[in-house]
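Residue-level listing of the chains:
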Amino acid sequence: MSTTEKALEGTGRFLDDRLHGASGLNRFLRKIFPDHWSFLLGEIALYTFIILLLTGTFLTLFFQPSMTEVTYHGVYTPLDGVRMSEAYSSTLNISFDVRGGLLMRQIHHWAALLFIGAIMVHMLRVFFTGAYRKPREFNWLIGIIIFSIAIFEGLFGYSLPDDLLSGTGLKITQGVLESFPIVGTYLSFFLFGGQFPGHDIIPRLYVIHVLIIPAVLLALIAAHVFLTFHLKHTQFPGKGRTNANVVGAPMYPYFMAKTGAFFFFIFAVLALLSTFAQINPIWLFGPYNPSAITAGSQPDFYMGALEGALRMMPNWVWNVAGHTFAFNEFIPALLPLGIIFGGGAMWPFIEQWVTGDRGEHHILDRPRNAPTRTGIGVAAVVFYGVIWLEGANDVIANHLDISLFLTTWIARITVIVGPIIAYWVTKRVCLGLQRKDAHLLEHGIETGIIRQLPNGAYVEATRPVSENDEAVLISRTGLPPLPAPAADEEVPAKSMRGGMGRMRLALNRVVTEGIAAPTGNGHGEEHANGHGEPAAISGQGDQGRDGQDSGSSS
Amino acid sequence: MRPITSLRRHRVAGYAVVLLGLVGAGAAYTAVAGQPGTAAADASPVSRQQIAEGQALFARTCASCHGMHAQGISGVGPSLIGVGAAAVDFQVSTGRMPGKVTGAEMPPRPVVFSQTQIHALAAYVASLGGGPAIPSGDQVSPAGANLALGQQLFITNCAQCHNFSGAGGALTSGKFAPPLNHATPTQIYEAMQTGPEAMPVFSDTTITPAQKRDVIAYVTKVRGQPDPGGFSLGRVGPVTEGLVAFLGGIAVLIFAAMWITMKRRES
Ligand code: HEM
């Protein structure tokens, strides 16, 4: 009996004897997790969130969410005698008077940046490997909702200390609200309880920041993690890995040990960052002052894209029938992020519609094997990245010695041209890599040894790829193109008729573009178009997976 | 509470040193330059000899661009009549003048003149048409200044170009507001008084001399103070923080994840 099983049995019996519910627990502990570094990205988000809850709770003990004006006479002498809100002065007190307060503030803030950063890279991993495909579309949607709510959570937290930068951020938020056609002014008055900034906003944001959104996030994250368990983790292609099994290590003790270690790693990185790198030094910004604005007033990075969109937008303001339509704020506030979030949410369904692929997928795609998706993903990253960089254009201009206007114009052009080029280049690169893979499969690995044949010709000796590599290489099944409605067909399928049908067909041709599918070591058989059988990608039910959850540990 | 007390001790110590230095420099300056504060136009405290010396220096190093009598050469250098001693002192003591390339916003270079020579130049230019004088040591001394007011004045008047901590920033049409880390109190005063290049003039009616002192006190105080939270990351705001979050946070954690998953269980 292996050590694993002993450990499992020991723990299982111990718990079963006491809780009488071990069969479920046992299944939980035996849950198989595939091993890949990119599967830990989501965990960064999970653990930083837990750290945010802990440090945030500490901060609530000392933070005063109040706009009441006070005169500061604290430890930080450069602001001695400055009038400020209680929110700001209590944050100064957290930073300078409360034992460990500054460290807590800094951990809280760094954790917020890592939380959202981790969500972003996690989502990219899920997208580029196609992990969102059936049956995991809901979990993808939950992820998108978590992402968008987390951004608001960060924005509201950033606004709480009522310093110059957070006030500037709130002013922009208010401007965006006001730019909503017709209802804008009402929305703004509703949120701020009257004129900007007013007295209500900080207490309101406080309740939203420490209570409402954390509760919603907690619920969504729980659902997200539960679904991940329930649907089982996807895995990369490899030897012995099929759409119907999960190959990896059992939850207990292997995965738990690893993930536990990872938690401490994350905590350590956060503690180090917060000890050595200063973040949000609100005492330098000074209290919010509506008549002041500072160079370098940026939001946190996750709001950078909104800031960039605002900076990039030409100044369009229309006056129609006594109403001001501030398109210079409304469009940039909604359009770019709308494209990213809306497009992201709809993508799994668009892809299904275009490919006609309704099968379940538990084996991940290597990004090169889905060139169109990968191309679109990279294009989206470029699109977002350009807008995001434009949000820091003054700092970039300052440090690279180029003019501010130039950065804006570069951004305006690249935001349109960049994604197109990125899509095209990425797709070519993917196809090139596919070709390389096919070559490897068919001809094996070049050994660099040249032999002379009896007839005088030279050949290079090759050796076949390893079994595991072969399994990876032949994983690309390719997608079958949708059949074009034949001219003599009496009634084409409903989904293929009309404008939408034609568009679907055209898109389908783009999506299924790929080079001939590889056929394995030495199998010379050529496929006409390289696309596998439709049957190969559909209908592998859940039942198979449930039973075959195997740790291959015996 | 240890770190705070030591910080405070530190801060007070730094304050005292700066103060002592400034008072010393001020005293030395007053001794050299004579009666402070009087407009240089009446030229009484500066000797004829100083002016003559300045004129000679000017003819040698400045006239090629500003003309023999500082009347200006169109397209090369502006007229200096009426710019005042303060402008000359600011431009030359920060290394901006004598300019090498004609064009806006001369990048500061090593200062080429001694203090005495600069004062001679300043006295000469002031003798041509008055203008703001070089401030005295008392005028720029942060001793007893109102820091709180200085903070507010700085944030409302200067931060939009020089950033909240004086780290500098980009302006429109390719111009830059420099960081304020090196300017001496006198230079800060003169910058406000003369408004070099794209910087507006903050005349004594906009920011009174006493308020100028408050601004100087705030700028010099804040730039010298340690960063209680660790490395300052340039004090330029959230941009570098975001960079560090990705390079020092996310990237490090991804490497950690790779490391943790590197050792596979043998099956
Ligand atoms: C239950 C969970 C949370 C609680 C109780 C909480 C509490 C607080 C409190 C009291 C503040 C104001 C004090 C201060 O600024 O120092 C604050 C600030 C902040 N919070 Fe949270 N928070 C929580 C979760 C989060 C999450 C999930 C995020 C990120 C998405 C976040 C991001 C921020 C940010 C960026 C600040 C500004 C920090 C700074 O001043 O440097 N918080 N939070």
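Given the structure is predicted, the values throughout are model-derived calculations rather than measurements. Counting from 1, residues in each chain are numbered in the order their sequence is written. Starting at A for chains and at 1 for ligands, labels are handed out in the order in which the entities are written. The predicted origin of the model limits local features to residues at a pLDDT of at least 70 and limits the giving and counting of side-chain atom pairs to 80 or more, whereas totals for whole chains, interfaces and linings rest on all residues. Heavy atoms from the whole structure form the basis of all side-chain values; hydrogens and water molecules are not counted.

Q: How do you make sense of the overall build of chain A when you look at a structure like this?
A: Helix numbers and strand numbers start at the N terminus; a helix is a DSSP run of H or I with at least 4 residues, a strand a run of E with at least 2. When helices and strands are counted, chain A shows 19 helices and 10 strands. The protein chains shown are the only cover counted for residues, whose accessible areas, like all others here, come from Shrake-Rupley with a 1.4 Å probe. Carbon and sulfur atoms make up 66% of the accessible area of chain A, which totals about 25,900 Å².

Q: What should I look at first to understand the overall build of chain B in this one?
A: Across its full length, chain B holds 11 helices and 2 strands. Listing each helix as α and each strand as β along chain B from the N terminus yields α-α-α-α-α-α-α-α-β-β-α-α-α. Carbon and sulfur atoms make up 63% of the accessible area of chain B, which totals about 12,600 Å².

Q: Just to check I follow, could you spell out the site of the ligand for this structure?
A: All names here are of chain A. Each residue is tested against the molecule or strand, and it is near if at least one of its non-hydrogen atoms lies within 4 Å. Close to the ligand lie 28 residues, the nearest being R105, H108, H109, H209 and N280. H209 places a polar side-chain atom, nitrogen or oxygen, 2.8 Å from a nitrogen atom of the ligand. Interatomic distance of 2.9 Å between a side-chain N/O atom of N280 and an oxygen atom of the ligand. Of all the elements in the fold, those that place two or more residues in the shell around the ligand are helix 3 (41-60), helix 5 (101-128), helix 6 (137-159) and helix 9 (201-231). Under the scheme applied here, ten amino acids are nonpolar (Ala, Val, Leu, Ile, Met, Phe, Trp, Tyr, Cys and Pro), four are charged (Asp, Glu, Lys and Arg), and all others, including Gly, are polar. Residue composition of the shell around the ligand, grouped by class: 15 nonpolar, 10 polar and 3 charged. The term polar contact refers here to a pair of N or O atoms within 3.5 Å; inside protein, the definition further demands a hydrogen-donor-capable atom paired with an acceptor-capable atom, and it admits residues adjacent in sequence only when both atoms are side-chain atoms.

Q: Any chance you could explain a nonpolar patch on the surface here in plain terms?
A: Residues enter a patch when their relative accessible area is above 30% and they make no salt bridge; the linking distance is 9 Å between like charges and 5 Å between nonpolar side chains (Val, Leu, Ile, Met, Phe, Trp, Tyr). Take a side-chain nitrogen of Lys or Arg and a carboxyl oxygen of Asp or Glu: if they are within 4 Å of each other, that pair is a salt bridge. A contiguous nonpolar patch, built from F405, W409, I413, I416, V417, I420, I421, W424, V425 and V429 of chain A and spanning about 1,000 Å² of accessible area, is present on the exposed surface. Looking at the element boundaries, I420 of chain A is found in helix 16 (residues 404-443).

Q: Explain the coordination of the iron atom of the ligand to me, please; I cannot follow it from the model alone.
A: The textbook angles at a metal center are 109.5 degrees for a tetrahedron of four donors and 90 or 180 degrees for an octahedron of six. Sodium, potassium and calcium take a 3.2 Å donor cutoff, other metals 2.8 Å, and in both cases only N, O and S atoms count; water is not among them, so sites may look incomplete. Coordination of the iron atom of the ligand by the protein is provided by H108 of chain A (NE2) and H209 of chain A (NE2), with metal-donor distances spanning 2.0 Å. Under the scheme applied here, a residue whose accessible area is under 20% of the maximum for its type counts as buried, over 50% as exposed, and between as partly exposed, the area being computed with a 1.4 Å probe on protein chains only. For H209 of chain A, a relative accessible area of 12% puts it in the buried group.

Q: I would appreciate a short explanation of the domain arrangement of chain B in the present structure.
A: How big an interface is tends to be reported as the loss of accessible area on association of its parts. All names here are of chain B. Residue ranges labeled as domains rest on an automatic or database domain assignment. Here chain B is described as being made up of domain 1 (39-129) and domain 2 (141-223). What makes two residues a contact is simply this: any of their non-hydrogen atoms within 4.5 Å. Each partner contributes residues to the interface: domain 1 has 10 residues there, and domain 2 has 11 residues. Buried area is a sum: the accessible area each of two parts loses on coming together, probed at 1.4 Å, counted once for each and added. With both sides pooled, the region where domain 1 packs onto domain 2 buries about 840 Å², and carbon together with sulfur makes up 56% of that total. At the boundary of domain 1 and domain 2, one finds 0 salt bridges. At the surface where domain 1 touches domain 2, the tally comes to 2 residue pairs in polar contact (both at pLDDT 80 or more). Grouping the constituent residues of the side of domain 1 that touches domain 2 by class yields 4 nonpolar, 3 polar and 3 charged.

Q: Honestly, the pairing of strand 8 (residues 445-452) of chain A in this entry has me stumped. Any pointers?
A: Moving residue by residue along a regular strand, the side chains alternate between the two faces of the sheet. All names here are of chain A. Burial analysis of strand 8 places just 0 of its 8 residues in the buried class, which makes it a mostly uncovered element. Inspection of the sheet shows strand 8 paired to strand 9 (residues 458-463) by 5 bridges, in the antiparallel sense. In the sheet register, E446 faces strand 9, and the bridge partner there is T462. A pair of strands is labelled paired if DSSP reports no fewer than 2 bridges between them.

Q: So what exactly am I meant to see when it comes to the interface of chain B and chain A here?
A: Every contact between the two is made by 61 residues of chain B and, on the other side, 82 residues of chain A. Both faces combined, the contact of chain B with chain A buries some 5,500 Å², and carbon together with sulfur accounts for 69% of it. There are 0 salt bridges connecting chain B and chain A. Those elements that place two or more of their residues in the side of chain B that touches chain A are helix 1 (2-33), helix 7 (147-157), helix 8 (159-162), strand 1 (169-170), helix 10 (209-224) and helix 11 (238-262) of chain B.

Q: Can you help me understand the side chain of D163 of chain A in this one?
A: Residues and elements named next belong to chain A. Within the element layout of this structure, D163 appears in the loop between helix 6 and helix 7 (164-178). Nearest to the buried, unbridged D163 among oppositely charged side chains is R105, at 6.4 Å. Only 2.9 Å separates the side chain of D163 from the backbone nitrogen of L165, close enough to count as a polar contact. Discounting residues that sit within four places of it in the chain, D163 has contacts with Y88, Y158, I282, F285, G286, P287 and Y288. Two residue types count as positive, namely Lys and Arg, and two as negative, namely Asp and Glu; His and chain ends fall outside the count.

Q: Help me understand the pattern of salt bridges, please; the structure alone is not making it clear to me.
A: Between side chains of opposite charge, pairing is possible as soon as their charged atoms come close. Enumeration according to the criterion identifies 12 salt bridges over all chains in this entry. Between R368 of chain A and D437 of chain A there is a salt bridge, with its nearest N and O atoms 3.0 Å apart. You can see R368 of chain A sitting in the loop between helix 13 (327-355) and helix 14 (371-390) and its partner D437 of chain A sitting in helix 16, a full 69 residues away along the chain. D437 of chain A shares its class with R368 of chain A; the two are buried. Between R235 of chain B and D227 of chain B there is a salt bridge; the shortest N-O distance is 3.1 Å.

Q: Looking at this structure, I do not really get the packing of aromatic side chains. What am I missing?
A: The geometry of an aromatic ring pair comes down to the distance between the two centres and the angle between the two planes. Ring geometry is summarised as follows: Phe, Tyr and Trp rings, the Trp one being its six-membered ring, pair when their centres sit within 6.5 Å, and such pairs are stacked at plane angles under 30 degrees, edge-to-face over 60 and tilted between the two. Scanning the entire structure with this criterion turns up 25 aromatic pairs over all chains. Seen from their ring centres, Y76 of chain A and F96 of chain A are 5.1 Å apart, and the 15° between their planes marks the pair as stacked. Note that Y76 of chain A is positioned in the loop between strand 2 (69-71) and strand 3 (83-85) and F96 of chain A in helix 4 (residues 86-96), a separation of 20 residues in sequence. Per residue, the accessibility class of Y76 of chain A equals that of F96 of chain A, and both read buried. Here the aromatic rings of F127 of chain A and F128 of chain A are separated by 5.5 Å at their centres, their planes lie at 85°, and the arrangement is edge-to-face. Per residue, the accessibility class of F127 of chain A equals that of F128 of chain A, and both read buried. An aromatic cluster of at least three residues, connected via ring pairs, comprises F127, F128, Y132, W140 and W347 of chain A. Above the plane of the ring of F196 of chain A lies K171 of chain A, whose end atom (NZ or CZ) is 4.9 Å from the centre. By the criterion adopted, a ring carries a charge over it if an Arg CZ or a Lys NZ lies within 6 Å of its centre and within 35 degrees of its normal. The positively charged end of K212 of chain B is found above the aromatic ring belonging to Y189 of chain B, 5.6 Å away from the centroid.

Q: Looking at this structure, I do not really get helix 13 of chain A. What am I missing?
A: Note: α-helices contain 3.6 residues per turn, so residues at a spacing of three or four share the same orientation. Residues and elements named next belong to chain A. How far a helix is expected to stretch is found by multiplying one less than its residue total by 1.5 Å. Compared with the 42 Å implied by 1.5 Å per residue over 29 residues, the 37 Å span of helix 13 between its first and last C-alpha is markedly short. The axis of helix 13 is deflected most strongly, by about 50°, at W347, and proline P348 appears within four residues downstream. Residue G356 follows helix 13 closely and has a positive phi angle near 70°. Given a residue, its bend is the angle between the two axes fitted to the seven residues that end at it and to the seven that start from it.

Q: Would you mind showing me how to read the confidence of the model for chain B here?
A: Residue and element names in this part refer to chain B. Residue-level pLDDT values for chain B average 78, and 76% of them are 70 or greater. pLDDT is a residue-level measure of predictor confidence that goes from 0 to 100. Predicted confidence is poor over residues 1-9, with pLDDT under 50, and the contacts of this stretch with residues over four places away or in other chains come to 10 contacts. Confidence over residues 29-44 falls short of pLDDT 50; this stretch has 18 contacts with residues more than four positions distant or in other chains. With pTM at 0.83, the complex prediction returns an ipTM value of 0.83.

Q: Just to check I follow, could you spell out the packing of helix 4 of chain A against helix 5 of chain A for this structure?
A: Packed helices, taken two at a time, are described by the angle their axes make and the gap between the axes. Residues and elements named next belong to chain A. The axes are straight lines fitted to the C-alpha atoms, using for helices just the contacting stretch, and the angles between their N-to-C directions are given from 0 to 180°. Contact geometry for helix 4 and helix 5: axes closest at 5 Å, N-to-C directions at 110°. Here helix 5 runs roughly perpendicular to helix 4, going by the angle between their axes. Touching T91, I94 and S95 of helix 4 are G101, L102 and R105, all from helix 5. Its residues assigned to classes, the contact of helix 4 with helix 5 shows 2 nonpolar, 3 polar and 1 charged. Geometric relationships in this document are graded by angle, where less than 35 degrees denotes roughly parallel, more than 145 denotes roughly antiparallel, 65 to 115 denotes roughly perpendicular, and other angles denote oblique.

Q: What should I look at first to understand the nonpolar core in this one?
A: As a rule of thumb, soluble globular proteins bury nonpolar side chains together. The term nonpolar core refers to a set of buried residues drawn from Ala, Val, Leu, Ile, Met, Phe, Trp, Tyr and Cys, joined through side-chain atoms within 4.5 Å. L92 and F115 of chain A are the most contacted members of the largest nonpolar core, which has 135 residues in total. Ranked by residues supplied to this core, first place goes to helix 5 of chain A with 17 residues. Not counting residues within four places of it along the chain, the set of residues in contact with L92 of chain A comprises Y72, L79, M84, D97, I282 and W283 of chain A. With 20 residues, the next largest nonpolar core counts I51, A85, A123 and I134 of chain B among its residues.

Q: Mind showing me how you'd approach unusual backbone geometry here?
A: Peptide bonds are mostly trans, and most non-glycine residues show a negative phi. Residue P197 of chain A is bonded to the preceding F196 of chain A through a cis peptide linkage, with omega at -10°. Within the element layout of this structure, P197 of chain A appears in the loop between helix 8 (184-192) and helix 9. That bond from M97 of chain B to P98 of chain B is cis: its omega, 0°, falls within 30 degrees of zero. Relative to the elements of secondary structure, P98 of chain B occurs in the loop between helix 4 (84-93) and helix 5 (115-129).

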